[in-house]
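Descriptive structure summary
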Amino acid sequence: MSNNLLAGKVGIISGALNEESIAWKVALKAHEQGARFVLTNAPLAMRMGEINKLSEQCNAPIIPADATSMEDLEKLFSGAQEHLGGKLDFVLHSIGMSANIRKGKHYGELNYEWFQKTLDVSALSFHKMLAVAEKQDAFNEWGSAVALSYIAAQRAFLDYTDMSQAKAMLESIARSYGQRLGKLKKVRVNTISQSPTKTTAGTGISGFNAFYDYADKLSPLGNAPAEACADYCISLFSDLTRYVTMQNLMHDGGFSTTGISEEIVEVITQAGA
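Residues numbered from 1 in each chain as written. Predicted model: local features only at pLDDT ≥ 70, side-chain atom pairs only at ≥ 80, totals over all residues. Heavy atoms only, no water.

Bringing the environment of Glu262 into the picture now. Topologically, Glu262 is positioned in helix 10 (residues 262–272). Overall, the relative accessible area of 68% leaves Glu262 in the exposed class. With 164 residues separating them in the primary sequence, Glu262 and Ser98 have C-alpha atoms 35 Å apart. (Helix = DSSP H or I, 4+ residues; strand = E, 2+ residues; numbered from the N terminus. Buried < 20%, exposed > 50% of the residue type's maximum accessible area, 1.4 Å probe, protein only.)

Put into structure tokens, the structure is as follows:
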């Protein structure tokens, strides 16, 4: 249902790979709410995914960009402003990759070159996007930048390895750049810490299904689905959240503040019996 929350607003949405992607759902919701935007992803991800289908659904052009390349990002932001006819109101950073996770490396045996790539792709790319936006004065006042994070930035989770450090860095960048852009242009910068979600990236982590079920049993409201996360992103792009900035916002059905649940007690009791 459209409430025209984003009527007249324009932006950039990164990271939509396929229909399972949170960024994909954000794009559909943003289009429904009246926004116009440019889609972007790395050339390799575009070849693997179905972004052309999303482009047609949302009447949104695609500007390929490697988010670790300042040159590509400069072309992305200048191209987006040219196509959209002015400065931007919102940017979604939905980018993450770990070769260490893909290759099954345990935390004690990380490949450090891959680790640095994880940080560059999954965290520093957010800083680079905001730095390019600042340099080009690409944001309208009261604009909004949102990046997707995960609670492993604060807690240790098996098999999340170097992505834990990447998400911690991502959240720190949001705070530091949120302070800077808030002063410069009243732009808000936030991260959303989402429940485990059955995306292409999420299901690539070892033991994901078991943890997904655990989180669902622990959370009073259950795991937050991707569609609900997209709604939350839309609210942060809208004028309803003008004074929310520099926050890591938990969107996890209560998982982050629950000690134990009846469902978990029951599972442990049955296992012990």
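Next, the rest of the story.
What follows concerns the sheet that holds strand 3 (residues 88–93). With parallel pairing, 6 strands are arranged side by side in an open sheet as 2-1-3-4-5-6. If you trace the sheet from one side to the other, it starts and ends with strand 2 (36–40) and strand 6 (248–251), each paired once. Shown here is a sheet whose adjacent strand axes are inclined to one another by a mean of 20°, direction ignored. Where strand 5 (residues 188–194) lies against strand 6, 4 bridges are found, and the strand directions are parallel. (Pairing = 2+ DSSP bridges. Axes fitted to C-alpha atoms, helices over the stretch in contact; angles between N-to-C directions.)

With that settled, consider the pairing of strand 2. Taken across its 5 residues, strand 2 has 4 buried, putting it largely inside the fold. Bridge analysis of strand 1 (residues 10–14) against strand 2 gives 5 bridges, and the strand direction is parallel. Its bridge partner being in strand 2, Ile12 is matched across the sheet by Val38. The parallel pair strand 1 and strand 2 is bridged by helix 1 (residues 22–32), and the resulting crossover is right-handed. (Right-handed = clockwise from strand over helix to strand, strands pointing away.)

Together, Asp213, Asp216, Glu262, Glu263 and Glu266 give the surface a local cluster of negative charge. Put simply, the parts of the chain that give the negative patch at least two residues each are helix 8 (208–218) and helix 10. For the negative patch, the element with the most residues is helix 10, which contributes 3 residues. Within the secondary structure, Asp213 sits in helix 8. (Patch = residues over 30% accessible without salt bridge, like charges linked within 9 Å, V, L, I, M, F, W, Y side chains within 5 Å. Areas by Shrake-Rupley, 256 points an atom, 1.4 Å probe, with all protein chains shown as cover. Salt bridge = Lys/Arg side-chain N within 4 Å of Asp/Glu carboxyl O. Lys, Arg positive; Asp, Glu negative; His and termini not counted. Charge placed at Lys NZ, Arg CZ, Asp CG, Glu CD.)

Before going further, it helps to examine the pairing of strand 5. The element strand 5 is extensively covered by neighbouring structure, given that 7 of its 7 residues are classed as buried. Burial of strand 5 is two-sided: the residues Arg188, Asn190, Ile192 and Gln194 facing one way and the residues Val189, Thr191 and Ser193 facing the other way are all buried. Pairing geometry for strand 4 (residues 139–149) and strand 5, over 6 bridges, is parallel. For Leu148, the partnering residue across the bridge sits in strand 5 and is Ile192. The parallel pair strand 4 and strand 5 is bridged by helix 7 (residues 161–185), and the resulting crossover is right-handed.

The feature "active site" (unreviewed entry), as annotated in UniProt, sits at Tyr150 and Tyr160 in this numbering. Among the structural elements, Tyr150 can be located in the loop between strand 4 and helix 7. What Tyr150 contacts, discounting residues up to four positions off in sequence, is Tyr160, Lys167, Glu171, Ser193, Gln194, Ser195, Pro196 and Phe211. Note on placement: Tyr160 falls in the loop between strand 4 and helix 7. (UniProt positions renumbered as here; feature names shortened; annotations may be inferred. Contact = heavy atoms within 4.5 Å.)

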